[in-house]
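# Chains, contacts and geometry: an overview
Chain residues, written in single-letter form:
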Amino acid sequence: EQGVKHAEGFNKNQAYMQQVKAAVDTFCRPNAQILDSAVRDKSVQPKITPRSARQAGGSRPAVLVCSAYDFYPKKIKVSWLRDGKVMTSDVTSTMEMADGD
């Protein structure tokens, strides 16, 4: 209730609204550009864990599993290589799994 009351008061005050809108161009956008590049231009290489997994019962051949952890930015490309060439058949991938971070 208090928030709605304050918002209505601010919205009715045209002089205040003009000051706030001017601050967007004089303060917010320039600082956002500086801070954005300071964060966005950083990257962290993924920690990669390849392993061989065999299903219980063992009648099927083992599969190779590759997991990537602790990387930034979110988008990465993971490819399996055989003799230096990207494998496109017999390859399955999953979406990113949530880690709460």
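Structural data are supplied above this passage.
Okay, so let's go over this structure. (Residues numbered from 1 in each chain as written. Predicted model: local features only at pLDDT ≥ 70, side-chain atom pairs only at ≥ 80, totals over all residues. Heavy atoms only, no water.)

### Description of the overall build of the protein
We apply this condition: A run of H or I in DSSP becomes a helix once it reaches four residues, and a run of E becomes a strand once it reaches two; helices and strands are each numbered from the N terminus. Both definitions apply: the radius of gyration is a C-alpha atom measure, and the globule rule equals 2.2 Å times residues to the power 0.38. When accessible area is computed with a 1.4 Å probe and restricted to protein chains, residues below 20% of their type maximum are described as buried, those above 50% as exposed, and intermediate ones as partly exposed. Per-residue and other accessible areas were derived by the Shrake-Rupley procedure at a 1.4 Å probe size, with only the shown protein chains allowed to occlude residues.
The number of helices and strands found in the protein is two helices and four strands. Mapped from its N terminus to its C terminus, the protein presents α and β elements in the order α-α-β-β-β-β. For the protein, the C-alpha radius of gyration of 25 Å lies well beyond 13 Å, the compact-globule estimate for 101 residues. Projected onto the principal axes, the alpha-carbon positions of the protein cover approximately 75 × 35 × 20 Å. Here the protein holds 101 residues, and 1% of them are scored as buried. Here the protein displays about 9,700 Å² of accessible surface, and carbon together with sulfur accounts for 55% of that area.

### A few points about the pattern of salt bridges
The condition is simple: Basic side-chain nitrogens of Lys or Arg form a salt bridge, by our definition, when they fall within 4 Å of a carboxyl oxygen of Asp or Glu.
Evaluated as defined, the whole model comprises two salt bridges. Salt-bridge contacts for Arg-29 lead to Asp-25; the nearest nitrogen and oxygen are separated by 2.2 Å. You can see Arg-29 and its partner Asp-25 sitting in helix H2 (residues 14–40), four residues apart, about one turn around the helix. A relative accessible area of 47% means that Arg-29 is categorised as partly exposed. For the salt bridge of Asp-70 with Lys-47, the shortest nitrogen-to-oxygen distance reads 3.5 Å.

### Section: the packing of helix H1 (residues 2–12) against H2
We apply this condition: Axis angles are defined between N-to-C directions and span 0 to 180 degrees, where every axis is a line fitted to C-alpha atoms and, for a helix, only to the segment in contact. If an angle is under 35 degrees, it is roughly parallel; if it is over 145, roughly antiparallel; if it lies from 65 to 115, roughly perpendicular; otherwise it is oblique. Any two residues having at least one pair of non-hydrogen atoms within 4.5 Å are treated as being in contact. Gly is put with the polar residues, along with every residue not named as nonpolar or charged; the nonpolar set is Ala, Val, Leu, Ile, Met, Phe, Trp, Tyr, Cys and Pro, and the charged set is Asp, Glu, Lys and Arg.
At a closest axis distance of 5 Å, the pairing of H1 and H2 adopts a crossing angle of 90 degrees. Judged by the inter-axis angle, H1 sits roughly perpendicular to H2. The segment H1 lies against H2, with Phe-10, Asn-11 and Lys-12 engaging Gln-14, Tyr-16 and Met-17. When grouped by side-chain class, the residues that make up the contact of H1 with H2 number three nonpolar, two polar and one charged.

### Thoughts on the environment of Lys-74
For Lys-74, the location among the structural elements is in the loop between strand S2 (63–69) and strand S3 (81–82). The spacing of Lys-74 and Val-44 is 30 residues in sequence and 9.8 Å in space, taken between C-alpha atoms.

### Focus: unusual backbone geometry
We note that Asp-70 has phi near 55 degrees; this positive angle belongs to a residue other than glycine. Among the structural elements, Asp-70 can be located in the loop between S2 and S3. Positive phi, close to 60 degrees, is recorded for Asp-90, a residue that is not glycine. Inspection of the secondary structure puts Asp-90 in the segment after strand S4 (85–86).

Read these as spatial facts, not as claims about activity.
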